[in-house]
Amino acid sequence: MDLLILFMIAVMFATIVFVIGRYACPKHDRVPLIEVDHVLLWTALRRGWHVLGSFGPLTHYPEDPSGASRA
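What counts as what
Residues numbered from 1 in each chain as written. Predicted model: local features only at pLDDT ≥ 70, side-chain atom pairs only at ≥ 80, totals over all residues. Heavy atoms only, no water. Patch = residues over 30% accessible without salt bridge, like charges linked within 9 Å, V, L, I, M, F, W, Y side chains within 5 Å. Areas by Shrake-Rupley, 256 points an atom, 1.4 Å probe, with all protein chains shown as cover. Salt bridge = Lys/Arg side-chain N within 4 Å of Asp/Glu carboxyl O. Helix = DSSP H or I, 4+ residues; strand = E, 2+ residues; numbered from the N terminus. Buried < 20%, exposed > 50% of the residue type's maximum accessible area, 1.4 Å probe, protein only. Contact = heavy atoms within 4.5 Å. Axes fitted to C-alpha atoms, helices over the stretch in contact; angles between N-to-C directions. Parallel < 35°, antiparallel > 145°, perpendicular 65-115°, else oblique. Nonpolar A, V, L, I, M, F, W, Y, C, P; charged D, E, K, R; others polar. Phe/Tyr/Trp six-rings, centres within 6.5 Å; stacked < 30°, edge-to-face > 60°. UniProt positions renumbered as here; feature names shortened; annotations may be inferred. Lys, Arg positive; Asp, Glu negative; His and termini not counted. Polar contact = N/O pair within 3.5 Å; in protein donor to acceptor, adjacent residues only side chain to side chain.

Draft legend 1. Region of the structure containing a nonpolar patch on the surface. On the surface, a nonpolar cluster with roughly 1,100 Å² of combined accessible area is contributed by Met1, Leu3, Leu4, Ile5, Leu6, Phe7, Met8, Ile9, Val11 and Met12. For Val11, the position within the fold is in helix H1 (residues 2-24). Classification of Val11 as partly exposed rests on a relative accessible area of 38%.

What follows is the structure, given as structure tokens:
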């Protein structure tokens, strides 16, 4: 039963990543869903993963409003 739940979570996550990757593609390059093959599937998954990865943690700390520097 636990594996079924993990599988369902993985499928839902992959679906979300696919949808994000599909809409990250410019509209004039999108292919209708009926024409998506395995190459376009993996491309959309990869694009969605990269879009999600671009919202990662900050690489620098913003300046304090008081002007004090971090050491």
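Draft legend 2. Broad picture of the environment of Ile20. Tracing the chain through its elements places Ile20 in helix H1. For the pair Ile20 and Val51, spaced 31 residues apart in sequence, the C-alpha to C-alpha distance is 7.6 Å. Those residues in contact with Ile20 that lie beyond four places of it in its chain are Gly48, Val51 and Leu52.

Draft legend 3. Broad picture of the packing of H1 against helix H2 (residues 38-53). Orientation of H1 relative to H2, taken along the N-to-C sense of each, is 90 degrees, at an axis distance of 7 Å. When the axes of H1 and H2 are compared, the pair comes out roughly perpendicular. Where H1 abuts H2, its residues Phe13, Ala14, Val17, Phe18, Ile20, Gly21, Arg22 and Ala24 lie against Leu41, Ala44, Leu45, Arg47, Gly48, Trp49, Val51 and Leu52. Considering only residue class, the contact of H1 with H2 consists of twelve nonpolar, two polar and two charged.

Draft legend 4. Expanded view of the packing of aromatic side chains. Overall, the coordinates contain one aromatic pair when judged by the stated rule. Between Phe13 and Trp49, the aromatic rings sit 6.2 Å apart at their centres with planes inclined by 85 degrees, giving edge-to-face as the arrangement. Of this pair, Phe13 sits in helix H1 while Trp49 sits in helix H2, and the two are 36 residues apart along the sequence.

Draft legend 5. Fine view of the UniProt feature "transmembrane region" (unreviewed entry) in the chain. The UniProt record annotates "transmembrane region" (unreviewed entry) at residues 6-25. Secondary structure content for residues 6-25 is 95% helix and 0% strand, while the C-alpha to C-alpha distance between its ends is 29 Å.

Draft legend 6. Quick look at the side chain of Arg22. As for its position among the elements, Arg22 is in helix H1. Salt bridges are absent for the buried Arg22, whose nearest opposite-charge side chain, Glu35, sits at 9.2 Å. Only 2.8 Å separates the side chain of Arg22 from the backbone oxygen of Val31, close enough to count as a polar contact. In contact with Arg22, other than residues within four places in its own chain, are Arg30, Val31, Pro32, Leu33, Val36 and Ala44.

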